[in-house]
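As a plain string of letters, each chain reads:
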Amino acid sequence: MSKAWLDLWVGLFVVAGIGALLFMALKVGNMSSVRMADSYQVSAHFDNIGGLKVRAPVKSAGVVVGRVTGISFDDQTYEAEVLLSLDKRYAFPKDTSASILTSGLLGEQYIGLEAGGDSVKLANGDRVRLTQSAVVLENLIGQFLFSKAQEGAPNETAQ
Amino acid sequence: MIAPLRLVARLGRRTLQAVARIGLATRFFFATLLHSGTAFRRFGLIIREIYSAGVLSLIIILVSGLFVGMVLGLQGFETLQTYGSESALGVLVALSLVRELGPVVAALLFASRAGSAITAEIGLMKATEQLAAMEMMAVDPVARVVAPRFWAGVLSMPLLAALFSAMGIFGGYLVGVVLIGVDEGSFWSQMQAQVDFEEDILNGVIKSVVFGVAITAIALFEGYDAPPTAEGVSRATTRTVVTSSLVILALDFVLTAFMFRGVS
Amino acid sequence: MDNLVEIQDVTFGYNERPILKGINLTARRGQVIAIMGSSGCGKTTLLRLIGGQIKPNSGSVHVAGQNVGELDTAGLYELRRKMGMLFQFGALFTDMSVFDNIAFQMREHTRLPEEIIRDLVLMKLHAVGLRGAADLMPSELSGGMARRVALARSIALEPSLVMYDEPFAGLDPISLGVIGNLIRRLTDTLGLTSIVVTHDVQESLKIVDYVYFVSAGVIEAEGTPEEIRRSGLPFVHQFVHGEPDGPVPFHYPARSYAEDLRLGS
């Protein structure tokens, strides 16, 4: 094998390998979609975040506008504090509400933002006041059973 | 000496030998790193070895990747269909490949294709006194023969693993979208939403680099340490494949535990 | 400084088992000397001591005035550039062509431009009569040709000392004569000093200036080929004439035959 052929083959191999890496970075991974060089941070407190995880998407009207960057527990209020990193291109009114939603019945959880009517916009370091916690399935079922029991109880005493 | 005592003595001797061999291998590994200067100054040496380690492994890597991806597509579809979430097929295929199967299976194939070849080649060079001849010509065989092969292996492995994963995802796409008819849009978009560049792809690449270091270091040491006979070389070749396969799997567990802990 | 190689009272052994016991040997510049002895008597070990691949347990090995056993790696590599070695089966690099094999040292150790290397390589190949085989791979060569290529390679950098480890082993009579002739001729024309390790008595007695007989780690006899041929020592006589039994016994040490077969019990 001559040196020229050797170089050509190795060159092809390296180009193909780097191409595969690029393909994975751009097409398979989300490098193209989370390129958020400019972002601002806001926080939100929730009574219960359910199964929310760091890096979960933040969506408004179904469009990804940011990511969850941190989750911690506040032992003063006994609430969960969630840090959100939002794309600078999108501004939200100060009275925007955040809720933890689930995509599909068993899908991943994300944060949904519902814009309010305030003319002042959310700025870096602000806190989203209006929040709605995750729907915890166990609690729902518990409530359902409890209300059923409540319904049934008078009937039984009547007999 | 009574029989049980003799057994204990033999066990102890074997253990000591094994530990001494690990020490020898470690010294050899650092000697390789220390003598890598020549290889980088004369990059042509590395390119030659990338050809025999990387380019010659391409066929097996690409074909295996395609089939593994296709199987993942089929099996994943069967399972996901039960829960009515076929649209997550892309995620399943991509995550399994990028995180685990890509680096690990590519490394196992690399160990048996390129690792064994390296051991056999170095072992034969030793058996036919080519290494001794080189030493007598005042050329350090570690710098001239071992180091270029080491770096070629380390550079080839992540590229091969990436090609394996890319080919696998293509295979999954072929089966899932083209053959079965999963929606193409959700296949790709769900994949993109769930596969993270740093957490998944970059960690996969790091894994494959570590595997590349392990495989080539083992293969080179086994070759260099092989008894200079036909039997010695053949046994060393077998040992390379067995040892590096086990090391890959063990390292994979350790790395996975480190990388994906706390995520997902 | 007349002696290129001087070995004084060298003892060597791998863990307690002595291979060489008090060897004295000198090689004068311009000479071809032979080290003879039966297989496994430590001849190759002697060459490895001279090349500095192993160090003597006691005694000293001097090459060109330098004590080989006391050199560090850099000094040893420096000294080895002045040595050539022909290994038993040639030890050609199997992944390179004949041309690249001979150019190997020139490319590693010198900064000569490729055209000059080409000329030098062809000259070396011409000297061993294989200029036409430059583009062949080692696997395409016959045993005798491979040995000649290896010979050309060992003189590639014009060394002052060339060592030959069993240069005649496994060759047909014609190749054997060719190699023998080449060793003599190259030594004379290039002003080399040659040390030939061999057990081929008849061929080597034709070409060498001085012979050392090694047996069981000691030098049994030495002298010019004439003296050796006339030597009355039983060991040398047995060796030169290839007799199956003598001081070197045919039988491996064992209990008496009768005892082994349990006769008379």
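That block above? That's the structure.
Residues numbered from 1 in each chain as written. Chains lettered and ligands numbered in written order. Predicted model: local features only at pLDDT ≥ 70, side-chain atom pairs only at ≥ 80, totals over all residues. Heavy atoms only, no water.

Draft legend 1. Expanded view of the overall build of chain A. In terms of helices and strands, chain A carries two helices and eight strands. Listing each helix as α and each strand as β along chain A from the N terminus yields α-β-β-β-β-β-β-β-β-α. Once local pairs closer than 6 in sequence are excluded, the contacts in chain A between residues at least 24 apart make up 63%. Entry remark: accessible area of chain A is about 9,800 Å², with carbon and sulfur atoms responsible for 58%. (Helix = DSSP H or I, 4+ residues; strand = E, 2+ residues; numbered from the N terminus. Contact = heavy atoms within 4.5 Å. Areas by Shrake-Rupley, 256 points an atom, 1.4 Å probe, with all protein chains shown as cover.)

Draft legend 2. Geometry of the interface of chain B and chain A. Chain B puts 29 residues into the contact, and the matching count from chain A is 24 residues. Surface buried jointly by chain B and chain A totals about 2,400 Å² across both partners, of which 78% is contributed by carbon and sulfur atoms. Taken together, the connections running from chain B to chain A amount to zero salt bridges. At the boundary of chain B with chain A, the tally comes to one residue pair in polar contact (both at pLDDT 80 or more). The set of elements that each furnish at least two residues to the side of chain B that touches chain A consists of α3 (43-53), α5 (89-127), α7 (141-180), α8 (184-194) and α9 (197-225) of chain B. Class assignment of the residues belonging to the side of chain B that touches chain A gives a composition of 20 nonpolar, six polar and three charged. (Buried area = accessible area lost by both parts, 1.4 Å probe. Salt bridge = Lys/Arg side-chain N within 4 Å of Asp/Glu carboxyl O. Polar contact = N/O pair within 3.5 Å; in protein donor to acceptor, adjacent residues only side chain to side chain. Nonpolar A, V, L, I, M, F, W, Y, C, P; charged D, E, K, R; others polar.)

Draft legend 3. Region of the structure containing the pattern of salt bridges. Residue and element names in this part refer to chain B. As enumerated under the stated definition, the model contains 22 salt bridges over all chains in all. For Arg149, the salt bridge goes to Glu49, with nearest N and O atoms at 3.5 Å. Separated by 100 residues along the polypeptide, Arg149 in helix α7 and Glu49 in helix α3 bring together distant segments of the chain. Of the residues examined, Arg149 reaches a relative accessible area of 5% and is grouped as buried. Owing to a relative accessible area of 9%, Glu49 belongs among the buried residues under this scheme. It is possible to trace a salt-bridge network through shared partners that takes in Arg21, Glu222, Asp225 and Arg239. (Buried < 20%, exposed > 50% of the residue type's maximum accessible area, 1.4 Å probe, protein only.)

Draft legend 4. Structural detail: the pairing of strand β2 (residues 57-60) of chain A. Residues and elements named next belong to chain A. Pairing analysis gives four bridges linking β2 to strand β3 (residues 63-74), with the strands arranged antiparallel. Bridge pairing in β3 links Lys59 to Val64. Inspection of the sheet shows β2 paired to strand β6 (residues 109-114) by two bridges, in the parallel sense. Paired with Val58 across the strands is Ile111, a residue of β6. (Pairing = 2+ DSSP bridges.)

Draft legend 5. Here's a closer look at the interface of chain C and chain B. The partner chain B presents 18 residues to the 21 residues of chain C that form the contact. Summing both partners gives a buried area of about 1,800 Å² for chain C against chain B, and 58% of it is carried by carbon and sulfur. One salt bridge in this structure joins Arg42 of chain B and Glu108 of chain C, with 3.0 Å as the shortest N-O distance. Applying the counting criterion to the chain C and chain B interface returns eight residue pairs in polar contact (both at pLDDT 80 or more). Per-element tally for the side of chain C that touches chain B: the top contributor is helix α3 (residues 98-109) of chain C, with four residues.

Draft legend 6. Just helix α4 (residues 114-127) of chain C, in detail. Residue and element names in this part refer to chain C. The end-to-end C-alpha distance of α4 is 20 Å, a good match for the 20 Å that 14 residues give at a rise of 1.5 Å each. Where α4 is buried, its residues meet α3 and α5 (143-154). Among the residues trailing α4, Gly129 stands out with phi positive, at a value near 75°. (Expected span 1.5 Å × (residues − 1).)

Draft legend 7. View of a positive patch on the surface. All names here are of chain B. The grouping of Arg6, Arg10, Arg13 and Arg14 at the surface amounts to a positive patch. Here Arg14 shows up in helix α1 (residues 3-34). Residue classification places Arg14 among the exposed positions, given a relative accessible area of 57%. (Patch = residues over 30% accessible without salt bridge, like charges linked within 9 Å, V, L, I, M, F, W, Y side chains within 5 Å. Lys, Arg positive; Asp, Glu negative; His and termini not counted. Charge placed at Lys NZ, Arg CZ, Asp CG, Glu CD.)

Draft legend 8. Representation of the packing of aromatic side chains in the model. Across all of its chains, the model carries 15 aromatic pairs over all chains by this definition. A centroid spacing of 5.8 Å and a plane angle of 55° characterise the contact between Phe28 of chain B and Phe221 of chain B, whose relative ring orientation is tilted. Of this pair, Phe28 of chain B sits in helix α1 while Phe221 of chain B sits in helix α9, and the two are 193 residues apart along the sequence. The exposure class assigned to Phe28 of chain B is buried, which follows from its relative accessible area of 10%. Residue class for Phe221 of chain B comes out buried when judged on its relative accessible area of 8%. An angle of 35° between the planes, with centres 4.9 Å apart, marks the rings of Phe28 of chain B and Tyr224 of chain B as tilted. Here Tyr224 of chain B lies in helix α9 and Phe28 of chain B lies in helix α1, a separation of 196 residues in the sequence. Of the aromatic side chains, those joined through ring pairs into one cluster are Phe29, Phe30, Phe40, Phe43, Phe150 and Trp151 of chain B. The residue whose ring lies beneath Lys27 of chain A is Trp188 of chain B, and the NZ or CZ to ring-centre distance is 4.8 Å. (Phe/Tyr/Trp six-rings, centres within 6.5 Å; stacked < 30°, edge-to-face > 60°. Lys NZ or Arg CZ within 6 Å of the ring centre and 35° of its normal.)

Draft legend 9. Broad picture of the sheet that holds strand β7 (residues 127-128) of chain A. Residues and elements named next belong to chain A. Taken together, the eight strands give an open sheet; going across it, the order is β7-β1-β4-β3-β2-β6-β5-β8, and neighbouring strands pair in mixed fashion. Looking at strand neighbours, the two that pair on one side only are β7 and β8 (130-132), the edges of this open sheet. In this sheet, β7 lies alongside strand β1 (residues 39-46) in parallel orientation, the contact comprising two bridges. Bridging from a neighbouring strand, Ala44 pairs with Val128 of β7.

Draft legend 10. Region of the structure containing the sheet that holds strand β8 (residues 193-198) of chain C. All names here are of chain C. In spatial order, the strands read β6-β7-β8-β3-β9-β10; together these six strands make up an open sheet with mixed pairing. The sheet is open, and its two edges are formed by β6 (83-86) and β10 (218-223), each paired on a single side. Going from strand to strand, the sheet's axes swing by 15° on average, the running direction of each strand aside. Pairing of strand β9 (residues 210-215) with β10 involves five bridges; the strand directions are antiparallel. Bridge pairing in β10 places Val214 opposite Ile219. (Axes fitted to C-alpha atoms, helices over the stretch in contact; angles between N-to-C directions.)

Draft legend 11. Structural context of helix α6 (residues 173-190) of chain C. All names here are of chain C. Between its first and last C-alpha, α6 extends 25 Å over 18 residues, near the 26 Å set by a 1.5 Å rise per residue. Every buried residue of α6 is listed here: Ser175, Leu176, Ile179, Gly180, Leu182, Ile183, Arg184, Leu186 and Thr187. Buried residues along α6 sit against β3 (32-36), α4, α5, β7 (161-165), β8 and α7 (201-207). Put simply, Asp172 is the residue that caps the front of α6, since its side-chain oxygen is 3.1 Å from the backbone nitrogen of Ile174. The positive-phi residue at the C-terminal boundary of α6 is Gly191, with phi of around 65°.

Draft legend 12. Focus on a nonpolar patch on the surface. Residues and elements named next belong to chain A. A surface patch of nonpolar side chains, amounting to about 590 Å² of accessible area, comprises Val135, Leu137, Leu140, Ile141, Phe144 and Leu145. Mapped onto the secondary structure, Val135 falls in the loop between β8 and α2 (137-158). For Val135, a relative accessible area of 52% translates into the label exposed.

Draft legend 13. View of the side chain of Ser60 of chain A. All names here are of chain A. Summarising the element assignment, Ser60 is placed in strand β2. At 3.1 Å, the side chain of Ser60 and the backbone oxygen of Leu113 are in polar contact. The contacts of Ser60, once residues within four sequence positions are left out, are Val65, Phe92 and Leu113.

Draft legend 14. Broad picture of the environment of Lys55 of chain C. All names here are of chain C. Here Lys55 shows up in the loop between α1 (43-50) and β4 (58-63). Separated by 35 residues in the primary sequence, Lys55 and Gly90 place their C-alpha atoms 24 Å from one another. Those residues in contact with Lys55 that lie beyond four places of it in its chain are Phe12, Leu49, Val68, Gly69 and Leu71.

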